[in-house]
Amino acid sequence: MILKNKAYLFLTEFFAGMSVMAVELGASRLLAPYFSSSQIVWTIIIGTIMIAMALGNIYGGRAADRNPDPDRLYRRIVVAAVWIAAIPVVGKYIILGISALLIFSVSSNFLVWAAFAACMVIFVFPLFLLGTVTPSLVKYTVESLDDSGKTVGMLNASNTVGSIIGTFVPTFVTIPAFGTSVTFLIFAGILLLLSIVYFASRKKKSRLAAAGAVLFVLCCAGGFSGSFAFWDKGLAYEGESVYNYLQVKEDESAVSLSTNVLFGVQSMLRKDEALTGMCYDYMLAAPVMAGVNEKDSLDILVLGMGAGTFAIQCSRYFENATVEGVEIDEKITEIARTYFKLPEQVKVTTYDGRAYLHAIDKKYDMILVDAYQDITIPFQMSSVEFFTLVKSHLREGGVMTVNLNMRGEEEGNINQYLADTIGSVFSQIYQVDVPNCTNRILYVFDSGDTLERFEAGTQRETDVVLGGLLRKIRNNMKLYEPGNYIMTDDKAPVELLGMRVIDGLIREEVEYYRDAYEEGGVKRLLETVGG
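As a starting point, this report considers the structure included with it. Note that this is a predicted model, so its numbers are computed, not measured.

1. Things to note about the overall build of the protein
Along the backbone of the protein there are 18 helices and 12 strands. For the protein, the residues scored as buried account for 55% of the 531 residues in total. Considering only intrachain contacts with a sequence separation of at least 6, the fraction spanning at least 24 residues in the protein is 71%. Carbon and sulfur atoms make up 57% of the accessible area of the protein, which totals about 23,400 Å².

Shown next as structure tokens:
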């Protein structure tokens, strides 16, 4: 009998631990396109999984005491395997269904409640079942009190080693190479195979295992290549990297990159080489402020290069500007070269923006900080220490430009924190809101003649389109008076602040549809959505 060899029990423990971690990492990637990959979402995932495992431990121990039949454990593993395999097939629909229900009933902290509810529905049950593995195996492996400590220690070690491997393999191998859906299927298949081998070794026919195998095959067929943005057809590219979910859309007029389905566009290329009409255009004022019209050459550094929209526009309008970028996601740089025509001569370093500044001594005429995305604002790039580091890499008369992609009007909002923090380092901050979107651009400098350079450069600009844009920016720029909302490396609550803004945006977006629902119920809502 296979259970006489305790190695198989330790193997079961090993793969159970591995699968739990793989599902946890897969959960973060499944939720990220809809709720972001912020620390808030990670907290919800970890907390939910710990709840499931704790309940599974309690139930598994009691069930093993009542009926120490290992068949029951391996049946639970079959059910867990099938459930995990079904996640790529139905998970995205569950997420949107839960979001649709909550959006009309939750007025604050929508992302928290929606992400928590999705985690509870999708992940608690299979991980609860996997949580029963350890206490059940203790029951089957401990033969006497004399060696109970050693045996339990070996089981925990097997689980821990499996968890370690289950942490690295999805992150560095299966998700980047095959995607989140296939990752779920791989580990579901391992669990299912464990159970099938167990029942086969005991020469027992298990209808549940057979049914599980059939359902697993169906899940493979239905979830092998599922799209996160299943409502979008004809995407030019959809894939995943170590850091991001990535989506490229292309139509007859433009190409755009999104790294989060529900929260806008991160890069854009107009095929007619016109201005984008978005925040990237407003960044073009900064080279003029930095003296691109007076200098033989202007060195620009972009922290958060994305697909290179700003770099491409600079090359069109400023022949003497040299742009280099830092982008932590190498896959995005590959996409920039393939889909966005980012020239090979534009140097892009795959690195964290702040770490890059620590590693170099070069100074620049302009530094663009464009690393903020929905509520996944990197705290290490929002503190006094970071902006002090940026300042140390600016030449005399240099300009820092910051793209704030969310607006907040209430006291103590995320933009106020960021602007006040910047104001504690630089002497002058001017801001301008980009029309028809939520972006706000900050122009930051210490030099007293920066505005004069901007005025002169605007007057001398011969390109009608760019000149008109520069005059529009100058007319709408407002001096910002810094306050005392300061963020440091030790304390930078960027994600909670960002979540408040997202909640406000969601409330504004759904108010129209909520009114329609209250006016005429589901029928009126459907008419509104359809019309």
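2. Examining the packing of aromatic side chains
One pass over the full model with this rule turns up 12 aromatic pairs. Note on Trp83 and Phe125: the rings are 4.9 Å apart at their centroids and 55 degrees apart in plane angle, and the pair reads as tilted. In this pair, Trp83 is assigned in helix α3 (residues 70-102) and Phe125 in helix α4 (residues 110-131), connecting sequence segments 42 residues apart. The partly exposed category is assigned to Trp83, whose relative accessible area is 34%. Feature note: the residues Tyr8, Tyr74, Tyr198 and Phe199 constitute an aromatic cluster, connected by ring pairs. Sitting over the ring of Phe426, Lys391 keeps its end group 5.5 Å from the ring centre.

3. Focus: helix α14 (residues 384-392)
Owing to its 3.6 residues per turn, the α-helix aligns residues three or four sequence positions apart on the same side. Every buried residue of α14 is accounted for by Phe386, Phe387, Leu389 and Val390. Each buried residue of α14 sits inside an arc of 155 degrees when the element is viewed along its axis, so together they form one side. Of the surrounding secondary structure, the elements contacted by the buried residues of α14 are β5 (298-303), α13 (353-359), β8 (364-369), β9 (394-404) and α15 (414-423).

4. Observations concerning the packing of helix α16 (residues 450-460) against helix α17 (residues 464-476)
At a minimum axis distance of 9 Å, the contact between α16 and α17 shows a crossing angle of 145 degrees. Along this stretch, α16 crosses α17, giving a crossing that reads as left-handed. Contacts between α16 and α17 involve Leu451, Phe454, Glu455 and Thr458 on the former and, on the latter, Gly467, Leu470, Arg471, Ile473 and Arg474. Each residue belonging to the contact of α16 with α17 can be placed in one class, and the counts come to four nonpolar, two polar and three charged.

5. So, a nonpolar patch on the surface
A cluster of nonpolar residues, Val161, Ile164, Ile165, Phe168, Phe172, Val173, Val242, Tyr243 and Ile328, forms a patch on the protein surface that exposes about 790 Å² of accessible area. Of note, Phe172 is situated in helix α6 (residues 148-178). Note on Phe172: relative accessible area 54%, which makes it exposed.

6. Some points on the sheet that holds strand β1 (residues 237-240)
Pairing is antiparallel across the open sheet formed by four strands, whose spatial order is β1-β2-β3-β4. At either end of the open sheet lies a strand with only one pairing partner, and these are β1 and β4 (267-270). Averaged over all adjacent pairs, the angle separating strand axes in this sheet is 10 degrees, with direction ignored. When strand β3 (residues 254-258) meets β4, the two strands line up antiparallel, connected through four bridges. Bridge pairing in β4 places Ser256 opposite Met268. In the packing of helix α12 (residues 330-339) onto the sheet, the strands contacted are β1, β2 (245-250), β3 and β4, and the crossing angle to β2 comes to about 10 degrees.

7. As for the environment of Ser28
Turning to its location among the elements, Ser28 is positioned in helix α1 (residues 6-35). In contact with Ser28, not counting residues within four places along its chain, are Trp42 and Ile45. A polar atom in the side chain of Ser28 sits 2.6 Å from the backbone oxygen of Leu25.

8. Some thoughts on a positive patch on the surface
Residues Arg62, Arg66, Arg72 and Arg75 make up a contiguous surface patch of positive charge. Where the positive patch is concerned, the elements lending two or more residues are α2 (39-66) and α3. Within the fold, Arg72 resides in helix α3. A relative accessible area of 33% places Arg72 in the partly exposed class.

9. Thoughts on the pairing of β8
For β8, the buried fraction is high: six of the six residues fall into the buried class. In terms of strand pairing, β5 meets β8 through four bridges, oriented parallel. Of the residues in β8, the one forming a bridge with Leu301 is Ile367. In this sheet, β9 lies alongside β8 in parallel orientation, the contact comprising five bridges. The residue of β9 that forms the bridge with Met366 is Val399.

10. Section: helix α5 (residues 133-141)
Buried residues dominate α5, accounting for seven of its nine residues. Three or more residues of α5 are buried, namely Val133, Thr134, Pro135, Ser136, Leu137, Tyr140 and Thr141.

Reading the values: the criteria
- Residues numbered from 1 in each chain as written.
- Predicted model: local features only at pLDDT ≥ 70, side-chain atom pairs only at ≥ 80, totals over all residues.
- Heavy atoms only, no water.
- Helix = DSSP H or I, 4+ residues; strand = E, 2+ residues; numbered from the N terminus.
- Buried < 20%, exposed > 50% of the residue type's maximum accessible area, 1.4 Å probe, protein only.
- Contact = heavy atoms within 4.5 Å.
- Areas by Shrake-Rupley, 256 points an atom, 1.4 Å probe, with all protein chains shown as cover.
- Phe/Tyr/Trp six-rings, centres within 6.5 Å; stacked < 30°, edge-to-face > 60°.
- Lys NZ or Arg CZ within 6 Å of the ring centre and 35° of its normal.
- Arc of directions from axis to C-beta.
- Axes fitted to C-alpha atoms, helices over the stretch in contact; angles between N-to-C directions.
- Left-handed = near helix turned anticlockwise from the far one by under 90°.
- Nonpolar A, V, L, I, M, F, W, Y, C, P; charged D, E, K, R; others polar.
- Patch = residues over 30% accessible without salt bridge, like charges linked within 9 Å, V, L, I, M, F, W, Y side chains within 5 Å.
- Salt bridge = Lys/Arg side-chain N within 4 Å of Asp/Glu carboxyl O.
- Pairing = 2+ DSSP bridges.
- Polar contact = N/O pair within 3.5 Å; in protein donor to acceptor, adjacent residues only side chain to side chain.
- Lys, Arg positive; Asp, Glu negative; His and termini not counted.
- Charge placed at Lys NZ, Arg CZ, Asp CG, Glu CD.

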